[in-house]
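Remarks on the overall topology
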Amino acid sequence: MRENSWFREKILLGMTFKEYILSRTTFWNIIALIVLIASFYSMIYRLIYGLGPATNLSDTYPWGLWISFDILAGIALAAPGLAVGTAVYLFGIKDYKHFAKPAILSSLLGYVFAVFALMFDLGRYYRVVYVIGWSWGLNSILFLIAWHFFLYIIICFIEMFPSFFEWLGREKLREFFSKLGIWATVFGVIIAGGHQSALGGLFLVAPTKVHPLWYSALLPLFFLISAIFAGISMVIIESTISHKVFRDRIKNFDQEDFDSKTIGLAKVLVLALFIYLILKIFDLTHYDNWHYLTTDYGLWYLFENIGFVFAPAIILIYAIKIKFAKLVRIMAFFIALGVIINRFNVSLIAYNWYIPFSEKYYPTWMEIALSLGVVVLIILFYRFIVRRMPILS
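Residues numbered from 1 in each chain as written. Predicted model: local features only at pLDDT ≥ 70, side-chain atom pairs only at ≥ 80, totals over all residues. Heavy atoms only, no water.

Observations regarding the overall build of the protein chain
Using the following cut-off: Counting from the N terminus, the helices are DSSP H or I runs at least four residues long and the strands are E runs at least two residues long. When accessible area is computed with a 1.4 Å probe and restricted to protein chains, residues below 20% of their type maximum are described as buried, those above 50% as exposed, and intermediate ones as partly exposed. Areas reported here follow the Shrake-Rupley algorithm with a probe of radius 1.4 Å; residue values treat only the protein chains shown as occluding. His residues and chain termini do not enter the charge count, which takes Lys and Arg as positive and Asp and Glu as negative. In this description, the location of a charge corresponds to atom NZ of lysine, CZ of arginine, CG of aspartate or CD of glutamate.
When you go through the protein chain residue by residue, the secondary structure sums to 15 helices and zero strands. Across its three principal axes, the protein chain shows a C-alpha extent of roughly 65 × 55 × 45 Å. Split into buried and exposed, the 393 residues of the protein chain put 48% on the buried side. Here the protein chain displays about 20,200 Å² of accessible surface, and carbon together with sulfur accounts for 70% of that area. Distance from the positive charge centre (32 side chains) to the negative charge centre (23 side chains) of the protein chain: 7 Å.

Some thoughts on the pattern of salt bridges
The line we're drawing: Whenever a carboxyl oxygen of Asp or Glu lies within 4 Å of a side-chain nitrogen of Lys or Arg, that contact is scored as a salt bridge.
Taken as a whole and assessed by the stated rule, the structure comprises three salt bridges. Of the charged contacts, one joins Lys 261 and Asp 257 as a salt bridge, the two residues approaching to 2.8 Å between their closest N and O atoms. Within this pair, Lys 261 and its partner Asp 257 are both found in helix H12 (residues 255-287), separated by four residues, close to a single helical turn. With relative accessibility at 16%, the residue Lys 261 sits in the buried group.

Focus: unusual backbone geometry
You will see that Asp 288, though not glycine, has its phi angle at about 50°, which is positive. You will see that Asn 352, though not glycine, has its phi angle at about 55°, which is positive. For Asn 352, the location among the structural elements is in the loop between helix H14 (325-349) and helix H15 (365-386).

Focus: the confidence of the model for the protein chain
Just so we agree on the cut-off: Per residue, pLDDT captures the predictor's confidence, and it can take any value from 0 to 100.
Within the protein chain, residue pLDDT values average 86, and 92% of them lie at 70 or more. Ranking the elements of the protein chain by mean pLDDT puts helix H1 (residues 6-12) last, at 50, and helix H13 (residues 296-322) first, at 96.

A closer look at the packing of helix H10 (residues 171-201) against helix H11 (residues 219-245)
Operational definition: Comment: axis = line fitted to C-alpha atoms, over the contacting stretch for helices; angle = value between 0 and 180 degrees taken between N-to-C directions. Orientation is classified from the angle alone, with under 35 degrees giving roughly parallel, over 145 giving roughly antiparallel, 65 to 115 giving roughly perpendicular, and any other angle giving oblique. Rotating anticlockwise by less than a right angle from the far helix to the near helix defines a left-handed crossing, while the corresponding clockwise rotation defines a right-handed one. Should any heavy atoms of two residues lie within 4.5 Å, those residues are considered in contact. Note on residue classes: Ala, Val, Leu, Ile, Met, Phe, Trp, Tyr, Cys and Pro are nonpolar, Asp, Glu, Lys and Arg are charged, and everything else, Gly too, is polar.
Two elements in contact, H10 and H11, have axes whose closest approach is 7 Å; the angle formed by their N-to-C orientations is 130°. Relative to H11, the element H10 is oriented oblique. Here H10 runs over H11; the crossing is right-handed. Contacts between H10 and H11 pair Gly 193, Gln 196, Ser 197, Leu 199, Gly 200 and Gly 201 from the former with Leu 219, Pro 220, Phe 223, Leu 224 and Ala 227 from the latter. The residue inventory of the contact of H10 with H11, partitioned by class, reads six nonpolar, five polar and no charged.

As for the environment of Arg 46
Secondary-structure assignment places Arg 46 in helix H3 (residues 27-49). With residues up to four places along the chain from it excluded, the contact list for Arg 46 reads Leu 51, Ala 54, Trp 66, Met 119, Phe 120, Asp 121, Leu 122, Gly 123 and Tyr 125.

Here's the deal with the nonpolar core
Basically, it comes down to this: Only buried Ala, Val, Leu, Ile, Met, Phe, Trp, Tyr and Cys residues count toward a nonpolar core, and they belong to the same one when joined by side-chain atoms within 4.5 Å.
Formed by 114 residues in total, the largest nonpolar core has its most connected members in Leu 105, Trp 214, Phe 229, Leu 269, Leu 273 and Leu 316. Residues in contact with Leu 269, not counting those within four places in the same chain, are Phe 229, Ile 232, Ser 233, Ile 236, Leu 316 and Ile 335.

Some thoughts on a nonpolar patch on the surface
We apply this condition: Each patch is built from residues that are more than 30% exposed by relative accessible area and take part in no salt bridge. Like charges join if they lie within 9 Å; nonpolar side chains (Val, Leu, Ile, Met, Phe, Trp, Tyr) join within 5 Å.
A cluster of nonpolar residues, Phe 27, Trp 28, Ile 30, Ile 31 and Ile 34, forms a patch on the protein surface that exposes about 560 Å² of accessible area. Relative to the helices and strands, Trp 28 resides in helix H3. Residue classification places Trp 28 among the exposed positions, given a relative accessible area of 64%.

So, the side chain of Arg 388
Heads up, the rule is: Contacts described as polar in this section are N or O atom pairs within 3.5 Å, which, within protein, must combine one atom able to donate a hydrogen with one able to accept it, while residues neighboring in sequence count only if both atoms come from side chains.
Its location among the elements puts Arg 388 in the segment after H15. Here Phe 384 takes part through its backbone oxygen, which lies 3.1 Å from a polar atom of the side chain of Arg 388.

Looking at the packing of aromatic side chains
Convention followed: Only Phe, Tyr and Trp rings take part, Trp by its six-membered ring, and two of them pair if their centres are within 6.5 Å. Stacked means planes under 30 degrees apart, edge-to-face means over 60, and tilted covers everything else. A ring has a charge above it when a Lys NZ or an Arg CZ is no more than 6 Å from the ring centre and no more than 35 degrees off the ring normal.
According to the stated counting rule, one finds 31 aromatic pairs in the structure shown. Here the aromatic rings of Phe 161 and Phe 165 are separated by 5.7 Å at their centres, their planes lie at 50°, and the arrangement is tilted. Pair noted here: Phe 161 and Phe 165 are both in helix H9 (residues 141-168), with a separation of four residues, about one helical turn. Judged by its relative accessible area of 26%, Phe 161 is partly exposed. On the accessibility criterion, Phe 165 (14% relative accessible area) is buried. Through a chain of ring-to-ring contacts, three or more aromatic side chains come together here, namely Phe 161, Phe 164, Phe 165, Trp 167, Phe 176 and Phe 177. The ring of Phe 222 has Lys 280 sitting right over it, with the charged end atom 4.5 Å from the ring centre.

Side note on the packing of helix H5 (residues 65-77) against H14
Look at H5 against H14: their axes get within 9 Å of each other, and the N-to-C directions meet at 140°. Here H14 runs oblique to H5, going by the angle between their axes. As H5 packs across H14, the resulting crossing turns out to be right-handed. Together, Leu 65, Ser 68, Phe 69, Leu 72, Ala 73, Ala 76 and Leu 77 of H5 and Ala 336, Val 339, Ile 340, Arg 343, Phe 344, Ser 347 and Leu 348 of H14 make up the contact between the two elements. For the contact of H5 with H14, a count of residues per class yields 11 nonpolar, two polar and one charged.

Spelled out as structure tokens, the structure:
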């Protein structure tokens with residue numbers, strides 16, 4: 001391998017195991033450990049006792065936090081590979097090729113751990129492989145999504161193999177998968193776009209259950225477009241954090257060039273946000289749902305679309321005009337949060353909207369712990385891989 005692990009380096013420097021453990025005992029590592037302990041307990045408890053005791057799911061609410069956050073929001077935020085892959089390999093914008101490997105790694109980890117989290121939300125989780133090679137429900141949207149997840153994870157692995165084999169010093173394999181990776185990325189863009197929209201299509205079968213402000217025949221398109229600007233936002237967020245935390249892994253880092261590319265991503269982000277807003281206005285007009293805006297749900301709808309779509313778009317235009325990259329990065333966090341809120345609105349808050357609040361679904365602490373544990377695992381695996389493989393170099 002091209003480099004030793006951090007642990008081996010410290011041992012070679014004469015550090016004892018106790019000193020190594022103490023050196024890793026930081027505030028954030030302690031928080032991560034606490035979350036993982038609670039999360040692993042929740043996982044084991046759910047597998048032993050089932051969904052009933054571990055969650056607040058019911059016949060009225062057959063899905064909850066794990067679907068809304070881990071799958072619907074998680075897959076949208078795992079779209080950096082879709083966003084950067086489209087720009088670099090379909091539109092030939094090679095200036096952003098440096099963003100490609102971190103984006104693909106983010107997508108790979110996002111999808112792998114989304115499927116991992118899904119195992120705990122399925123009643124018969126051990127039969128998940130049936131959809132791949134045994135029971136084909138060709139008329140089911142879930143069948144389409146399952147196969148797309150399966151294929152896209154394989155594609156992400158193929159795209160990551162060049163970095164993996166470069167790490168191992170296998171140049172011939174690295175070159176082979178580098179050539180194959182371009183075609184895999186093009187195919188991945190098609191696959192990712194398909195299941196991002198299909199996730200929205202799931203709710204087309206519940207026209208009477210989803211609030212009229214969120215229900216629309218354009219739900220698949222809304223999910224696709226919001227996944228695109230979620231992916232671009234996550235590219236900005238991921239690059240901001242990684243360029244700060246792993247600065248030592250980047251050779252010849254040019255802050256001015258990095259800021260310029262961030263501004264470039266903001267331009268595409270503004271375009272996607274306004275396309276989404278225009279379609280939302282057309283949708284309101286088509287269904288004549290303007291009168292709902294004066295209700296409590298209407299105010300929440302306005303909060304979502306003005307606070308996390310329109311306002312960030314206007315601020316981004318100002319940031320682009322004055323070339324203020326830091327403001328772009330702040331807005332990227334707000335936009336990503338807005339996508340999470342949107343997925344929760346469609347799948348939980350606006351779902352069964354006519355039911356009294358006292359009868360609505362609220363997650364148990366174990367549901368929250370498991371979801372937070374998945375997020376921590378993604379961060380830990382990302383850090384582990386970036387510190388060892390040539391992801392940022």
